[in-house]
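# A closer look at the structure
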Amino acid sequence: MRLLLDVMCGGLPAYLRMCGHDAVYAGDRGLEADDALLAVAADEDRTLVTRDVQLASRAEESILLECREVEAQLAELSAAGLELTLEDEPRFCGRCNGPLEAVEPGRSTPEYAPDPAETAIWGCTDCGQFFWRGSHWNRVERTLERIRADECRE
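Parameters at a glance
- Residues take numbers from 1 onward in each chain, read along the sequence in its written order.
- Where local features are concerned, this predicted model is filtered to residues with pLDDT of at least 70; where side-chain atom pairs are given and counted, the filter is 80 or more; whole-chain, interface and lining totals use all residues.
- With hydrogens and water stripped out, all remaining heavy atoms of the structure feed into the side-chain values.
- Comment: elements are numbered from the N terminus, with helices defined as DSSP H or I runs of at least four residues and strands as E runs of at least two.
- Buried residues are those whose accessible area, probed at 1.4 Å on protein chains only, stays under 20% of the maximum for their type, while exposed residues exceed 50% and partly exposed ones sit between those limits.
- Contacts between residues were defined by any pair of non-hydrogen atoms, one from each residue, lying within 4.5 Å.
- Strands qualify as paired when DSSP identifies two bridges or more between them.
- The angle between two axes is taken between their N-to-C directions and runs from 0 to 180 degrees, where each axis is a line fitted to C-alpha atoms and a helix contributes only its stretch in contact.
- Think of a polar contact as two N or O atoms within 3.5 Å of one another; within protein, one of them needs to be a possible hydrogen donor and the other a possible acceptor, and neighboring residues in sequence only count if both atoms come from side chains.
- As used in this record, nonpolar core signifies buried Ala, Val, Leu, Ile, Met, Phe, Trp, Tyr and Cys residues forming a set joined through side-chain atoms within 4.5 Å.
- Each salt bridge in this description consists of a side-chain nitrogen of Lys or Arg and a carboxyl oxygen of Asp or Glu lying within 4 Å of one another.

## Regarding the side chain of Thr47
Here Thr47 is to be found in strand β3 (residues 47-50). For Thr47, a relative accessible area of 11% corresponds to the buried category. With sequence-adjacent residues up to four places away left out, Thr47 is seen in contact with Met1, Arg2, Leu3, Leu4, Glu61, Ser62 and Ile63.

## Concerning the sheet that holds strand β2 (residues 22-25)
The strand order across the open sheet built from four strands is β2-β1-β3-β4, with neighbouring strands paired in parallel fashion. For this open sheet the edge positions go to β2 and β4 (62-64), each flanked by a neighbour on one side alone. Averaged over all neighbouring strand pairs, the angle between strand axes comes to 25 degrees, with direction disregarded. Looking at chain direction, β3 and β4 are connected through three bridges and run parallel. If you follow Leu48 over to β4, its bridge partner there is Ser62.

## Details of the side chain of Asn97
Among the structural elements, Asn97 can be located in the loop between α4 (70-79) and β5 (100-102). Given the relative accessible area of 10%, Asn97 is considered buried. Polar contacts involving the side chain of Asn97 include one to the side chain of Asp22, which spans 2.7 Å. Those residues within four positions of Asn97 in sequence are excluded, and the remaining contacts are Arg17, His21, Asp22, Ala23, Val24 and Phe92.

## Remarks on the nonpolar core
Counting residues in each nonpolar core, the largest one holds 22 residues, and the members touching the most others are Leu5, Leu12, Leu16, Val49, Leu74, Leu77 and Leu144. Of all elements in the fold, only β1 (2-5), α1 (13-18), β2, α4 and α5 (135-153) reach the threshold of two or more residues within this core. Sorting elements by how many residues they give to this core places α5 first, with four residues. Ranked by size, the runner-up nonpolar core spans eleven residues in total, among them Leu4, Val24, Leu31 and Ala59.

## Looking at the pattern of salt bridges
Under the definition given, this model contains eight salt bridges. Across the salt bridge formed by Asp28 and Arg17, the nearest N and O atoms sit 3.7 Å from each other. In this pair, Asp28 sits in the loop between β2 and α2 (34-43) while Arg17 sits in helix α1, placing the two residues eleven residues apart along the sequence. The class of Arg17 is buried, set by a relative accessible area of 1%. Asp35 serves as the salt-bridge partner of Arg58, at 2.5 Å between the closest nitrogen and oxygen. Highlighted residues: Arg58 in helix α3 (residues 53-58) and Asp35 in helix α2, separated in sequence by 23 residues. Each of the salt bridges in this network shares a partner with another, and the network as a whole consists of Arg2, Asp22, Arg29, Glu44 and Arg46.

## Overview of α4
Every α-helix winds through 3.6 residues per turn, so residues three or four apart in the chain are directed the same way. Turning to α4, its buried residues number three or more, namely Gln73, Leu74, Glu76, Leu77 and Ser78. Note on α4: the residue one or two positions beyond its end, Gly81, has a positive phi of about 100 degrees.

Written as structure tokens, this is what we have:
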């Protein structure tokens, strides 16, 4: 799903991108005015995710969130039908939403990244950031599992 997250949803982009959603964050584009958000959502065929009732009512497609905490917002998105499962092969950069490509074994990477010969690594073609399944991936996975477990209990 192609999403546009308003500035009230700043904790969500990386989670959604890791789950395979094309998730643009308004703050990254300097979008704050309602009309600008609505124009981008319409021009790019994106569903607007917001906590603003009036803004949501003006959008062609929107998901209105009520909660402030990220985990609760993720649960709301899941309840709205958004798939929240980590992708085997991530496609979107957690930092900028750019496309990711697999890093070939033997290719040099920054010091902070593991050796691509030992660990699957993806690089962003837009910002150059590198990603792999490490501790952050595991924390996100545990968060999503908690949300799914809570849904099963309801």
